[in-house]
Amino acid sequence: MATDPGFLDHLRDLFCDLGDIRTGRLFGGTALYIGDAMFGVVFGETLYMKSDTELAPLYTDAGSEPFIYETKTGARTIGGLMRLPDAALDDADEALMWARRSMVPAEIAAKSRRSKKK
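These numbers come from a predicted model, not from an experiment.

Engineer: Help me understand the pairing of strand E6 (residues 74-83), please; the structure alone is not making it clear to me.
Structural biologist: Each regular strand carries side chains that alternate between the two faces of the sheet. Taken together, the three bridges between strand E4 (residues 46-50) and E6 define a ladder with antiparallel strand orientation. Among the inter-strand pairings, Met49 is bridged to a residue of E6, identified as Met82. Relative to E6, strand E5 (residues 66-71) is paired through six bridges, and the arrangement is antiparallel. Its bridge partner lying in E6, Thr71 is registered against Gly74. A loop of two residues connects E5 with E6, the two strands running antiparallel in sequence.

Engineer: When you look at the nonpolar core in this model, what are you seeing that I'm missing?
Structural biologist: Across soluble globular proteins, nonpolar side chains have a tendency to be buried as a group. Of all hydrophobic cores here, the largest spans 28 residues; its most connected members are Leu11, Phe15, Leu32, Phe39, Leu47, Met49 and Leu84. It is helix H3 (residues 92-117) that contributes the most residues to this core, seven residues altogether. Excluding residues within four positions of it along the chain, Leu32 makes contact with Leu8, Leu11, Ile21, Arg22, Thr23, Ala37, Met38, Phe39, Gly40, Val42 and Leu47. The next biggest cluster of nonpolar side chains, apart from the first, holds eight residues, and it includes Ala31, Phe43, Tyr48 and Leu81.

Engineer: How do you make sense of the layout of surface pockets when you look at a structure like this?
Structural biologist: Rolled over the atoms, a probe as big as a water molecule pinpoints where empty space is left. Estimated volume of the largest pocket: approximately 250 Å³. Forming the boundary of the largest pocket are Leu26, Phe27, Met38, Val41, Phe43, Lys50, Phe67, Tyr69, Arg76, Ile78, Gly80 and Leu81. For the lining of the largest pocket, the elements supplying multiple residues, two or more each, are strand E3 (37-43), E5 and E6. Element by element, the count of residues in the lining of the largest pocket is highest for E6, at four residues. Residues belonging to the lining of the largest pocket are distributed by class as follows: nine nonpolar, one polar and two charged.

Engineer: For this particular structure, what's the right way to read a negative patch on the surface?
Structural biologist: Among the surface-exposed residues, Asp17, Asp90, Asp91 and Asp93 lie close enough to one another that they form a single negatively charged patch. Counting through the fold element by element, Asp91 comes out in the loop between E6 and H3. By relative accessible area, Asp91 is classed as partly exposed at 32%.

Calculation notes
Residues numbered from 1 in each chain as written. Predicted model: local features only at pLDDT ≥ 70, side-chain atom pairs only at ≥ 80, totals over all residues. Heavy atoms only, no water. Pairing = 2+ DSSP bridges. Helix = DSSP H or I, 4+ residues; strand = E, 2+ residues; numbered from the N terminus. Core = buried A, V, L, I, M, F, W, Y, C linked by side-chain atoms within 4.5 Å. Buried < 20%, exposed > 50% of the residue type's maximum accessible area, 1.4 Å probe, protein only. Contact = heavy atoms within 4.5 Å. 1 Å grid on protein atoms, 1.4 Å probe; cavity = no way out; pocket = protein on both sides within 12 Å on 5 of 7 lines; lining within 4 Å. Points joined across faces, edges and corners; volume = space filled by probe spheres on them. Nonpolar A, V, L, I, M, F, W, Y, C, P; charged D, E, K, R; others polar. Patch = residues over 30% accessible without salt bridge, like charges linked within 9 Å, V, L, I, M, F, W, Y side chains within 5 Å. Areas by Shrake-Rupley, 256 points an atom, 1.4 Å probe, with all protein chains shown as cover. Salt bridge = Lys/Arg side-chain N within 4 Å of Asp/Glu carboxyl O. Lys, Arg positive; Asp, Glu negative; His and termini not counted. Charge placed at Lys NZ, Arg CZ, Asp CG, Glu CD.

Keep in mind these numbers describe shape, not what the thing actually does.
What follows is the structure in structure tokens.
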């Protein structure tokens, strides 16, 4: 599913305080990066934020769910990507709070990738 350009513009506005947001294609969606840290992935008009075992329960408590996709053998859940809570899509302060939280595991993953390249 292609990413809606208008939705992507909305996300750039929501997260502008984080810095320059770079995008890239990822599994039929659009990845959102600050520097080399991927903090979110957009599929259509749904944003999934980078998560880890400590952050995922906070997303769940806010009504979020993990990214799930179907395979030939059944559904696959990616706990490292949690849907941005609906209320945050219309509230820049809440969206930034989630984005800043998601930047922690995003930076850890980016650091790990940089270490493996050396």
